[in-house]
Amino acid sequence: MSFPNGFLWGGATAANQLEGGWQEGGKGISCPDICTGGSHTQSKRITPVLEEGTFYPSHDAIDHYHRYKEDIALFAEMGFKVYRFSIAWTRIFPTGEEKDPNEAGLKFYENIIDECLKYGIEPLITISHYEVPFALTKKYNGWASREMIDIFVKYCEAIFNRYKGKVKYWLTFNEINSATMPMGAFLSQGILNETEKTTDFMSQVDKPELRFQGLHHQFIASALAVQLAHKIDSNYMVGCMIVYATSYPLTCHPDDIILNQQNNHIMNWFCGDVQCRGYYPSYMNRYFKEHNIEIKKEDGDDEILKAGCVDFYTFSYYMSVCQSANPDATKGQGNIMGGVNNPYLKASDWGWQIDPKGLRYSLNEIYDRYQLPMMVVENGLGAFDKIEEDGSIKDDYRIDYLRSHIEQMHEAILDGVNLIGYTPWGCIDLVSASTGEMAKRYGFIFVERYDDGTGDFSRRRKDSFYWYKKVIETNGEDLK
Ligand code: BGP
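Position numbers for residues count from 1 along each chain, tracking the sequence in the order it is written. pLDDT decides what is reported in this predicted model: residues at 70 or higher carry local features, side-chain atom pairs at 80 or more are listed and counted, and totals for whole chains, interfaces and linings draw on all residues regardless. Heavy atoms from the whole structure form the basis of all side-chain values; hydrogens and water molecules are not counted.

(A) Quick look at the overall build of the protein. Put simply, DSSP H or I for four residues or longer makes a helix, DSSP E for two residues or longer makes a strand, and each gets a number counted from the N terminus. Helix and strand counts for the protein stand at 15 helices and 14 strands. On C-alpha atoms alone, the protein measures out to a radius of gyration of 21 Å, which is about the 23 Å that the 2.2 N^0.38 rule sets for 480 residues. Taking the principal axes of its C-alpha atoms as reference, the protein extends roughly 60 × 55 × 50 Å. For each residue, the accessible area found with a 1.4 Å probe, counting protein chains only, is set against the maximum for its type, and the residue is called buried under 20%, exposed over 50%, and partly exposed in between. The burial tally for the protein puts 61% of its 480 residues in the buried class. For the protein, long-range pairs separated by at least 24 residues make up 75% of all intrachain contacts whose partners lie at least 6 apart in sequence. Residue-level accessible areas treat just the shown protein chains as cover; the underlying method is Shrake-Rupley with a 1.4 Å probe. Total accessible area computed for the protein in this model is approximately 18300 Å², and 49% of it derives from carbon and sulfur atoms. By the counting scheme adopted, Arg and Lys are positive, Glu and Asp are negative, and His together with the chain ends is not counted. For this purpose, a charge sits on NZ of Lys, CZ of Arg, CG of Asp or CD of Glu. If you average the places of the 48 positive and of the 66 negative side-chain charges in the protein, the two averages end up 2 Å apart. For a compact globule the rule gives 2.2 Å times the number of residues to the power 0.38, and the radius of gyration it is set against comes from C-alpha atoms. Contact criterion: two residues are considered in contact whenever any of their non-hydrogen atoms come within 4.5 Å of each other.

As structure tokens, then:
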């Protein structure tokens, strides 16, 4: 068993979940900065006015802002060929609307990029990873407003120009299709329908018409960014990033089949179809009509979409779900993607159902549809880790999870899928996006930081660190 030569093994993170330094180097306040900590059972809260004495995990996160050299050295020790990270928009434009970009912010990411290149690690940059400047939420209700398009393109222009010649791979919006679900409104689009009030993250006031209008603005912004990137540097490759929630009909009852197809259309295909093919798929017409959603388009939008198709397709993959037309079917616990339990699968401690073969299946489905190079840019097991008396962390459960998914990626490559890279999520422990906690760990590297705000941020290698190093060294041949 081996992977194609030059296969991009690496890891993935996002600025707000690991950097900290939330007010350093001129950084502005971003949407995650006003989110409190939470847990599996207790939703994190969105507090438009910061509360004294409340813990805000993004403020210090894992202090990568001050420790990036140490962290990238550890990634290099594992042999990373690629490192996916995101740029915090508010480090470049603190409120989104400054005339000129903030030099300290540009410099910070230049240092990160240079540090990667020093070790021969290819940077893969997410331009917007769940991190809208909060000033844009207050002024425009985030992506609900069309003004966001120009503001975003200006941000892209600043970074495309600055990092020209050093970077090849860019992703416009992390998990863009998360905004097809209510949860994605604030997380991904900075839409907050009650701007003054403190709200539970899991029960925001939802206005679907704003989310879908917001997606239209994001599609246009992404398509313009693709065109701009190619103009600035013809080597740039710009990808989409989809949260792919593999979905099966619970039974072969035709009602389940149809329900599953409808769910797949909205959740898994809609955004990728627009970004890869350059036009709205016809199945959305009925959906919009039945949900009283009218997308406001301007003249020229269709042409922009057509001219701004992405160069490659990336996605996150953690779990799968089932669809059932039977209202009595058991709902998945902690299953944030909706759907019902699959009786053949086991779930993680957070209720995410583990399905390695679903990854092979999805890779095939997606590749058949778009025929674009692909990367799995997030995958992994969020789990509780324990430091043993001898200081080690025996995370064999994580190794099992990753091994079984890598095996299935290999199967998909044999099936003919053009898979070019793999960046497991949270290669170093970081703050959870959905729950705001540290206890849900994904890393190969353990960080001494806990949910009560204690911990000295020191790093230590888990068993999975040594295992992944060997996987990379052998180009996926030795998965033992
Ligand atoms: C994806 C996000 C990441 C990340 C990951 C794991 O949805 O792109 O930012 O955090 O999922 O999710 P969580 O942190 O909620 O466990």
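(B) Fine view of the layout of surface pockets. A 1.4 Å probe that fits into a set of points on a 1 Å grid over the protein atoms alone but cannot get out defines a cavity; an open set with protein on both sides within 12 Å along at least five of seven lines defines a pocket, and lining residues are those with an atom within 4 Å of a point. Grid points are joined across faces, edges and corners, and a volume is the space filled by probe spheres set on the points. Looking at the largest pocket, its volume works out to about 290 Å³. If you trace the largest pocket, you find 13 residues lining it, with Asn263, Gln323, Met337, Gly338 and Gly339 closest to the centre. When residues are sorted by character, Ala, Val, Leu, Ile, Met, Phe, Trp, Tyr, Cys and Pro go into the nonpolar class, Asp, Glu, Lys and Arg into the charged class, and all the rest, Gly among them, into the polar class. Here the lining of the largest pocket is composed, by residue class, of 6 nonpolar, 6 polar and 1 charged. Looking at the second largest pocket, its volume works out to about 240 Å³. In terms of lining residues, the second largest pocket is bounded by Gln262, Asn263, His265, Ile266, Tyr283, Arg286, Tyr287, Glu290 and His291. Broken down by secondary-structure element, the contributors of at least two residues to the lining of the second largest pocket are α10 (254-277) and α11 (283-290). Looking at the lining of the second largest pocket residue by residue, the class counts come to 3 nonpolar, 4 polar and 2 charged.

(C) Representation of the sheet that holds strand β1 (residues 8-12). In space, the 8 strands of this closed barrel follow the order β1-β3-β4-β5-β7-β9-β11-β12, with parallel pairing throughout. Looking at each pair of strands side by side, their axes are set apart by 30° on average, direction ignored. Here strand β9 (residues 312-316) pairs with strand β11 (residues 374-378) via 4 bridges, running parallel. Among the inter-strand pairings, Phe315 is bridged to a residue of β11, identified as Val376. DSSP calls a pair of strands paired once it identifies at least 2 bridges connecting them. Between the N-to-C directions of two axes lies an angle of 0 to 180 degrees, each axis being a line fitted to C-alpha atoms and, for a helix, fitted only over the stretch in contact.

(D) Just the nonpolar core, in detail. What is meant by a nonpolar core is a set of buried Ala, Val, Leu, Ile, Met, Phe, Trp, Tyr and Cys residues, joined one to another through side-chain atoms within 4.5 Å. With 142 residues, the main nonpolar core has Phe160, Phe270 and Phe315 as its most contacted residues. Looking at which element gives the most residues to this core, the answer is helix α9 (residues 208-232), with 11 residues. Residues within four places of Phe315 in sequence aside, it is in contact with Met241, Ile242, Tyr244, Leu359, Leu363, Ile366, Met374, Met375, Val376, Val377 and Glu378. Residues Leu124, Tyr169, Leu171 and Phe312 belong to the second largest nonpolar core, which totals 9 residues.

(E) Broad picture of the site of the ligand. Summary of the distance rule: residues count as near a molecule or strand when at least one heavy atom falls within 4 Å of that molecule or strand. Around the ligand lies a shell of 14 residues, among which Gln17, Glu175, Ser434, Lys440 and Tyr442 are the nearest. A distance of 2.7 Å is found between an oxygen atom of the ligand and a side-chain nitrogen or oxygen belonging to Gln17. Within the contact set of the ligand, an oxygen atom lies 2.4 Å away from a side-chain nitrogen or oxygen of Ser434. Computed on the free molecule, the ligand has an accessible area of 380 Å², of which 94% lies beneath the protein chains in the complex. The way we define it, a molecule is inside a pocket or cavity when more than half of its atoms are within 2 Å of that pocket's grid points. Using a 2 Å cut-off from the grid points, one finds that the ligand occupies the largest cavity. Class assignment of the residues belonging to the shell around the ligand gives a composition of 6 nonpolar, 5 polar and 3 charged. Polar contact is the term for a pair of N or O atoms within 3.5 Å; when the atoms are in protein, one must be able to donate a hydrogen and the other to accept it, and sequence-neighboring residues count only if both atoms are side-chain atoms.

The values are spatial; any link to function lies outside them.
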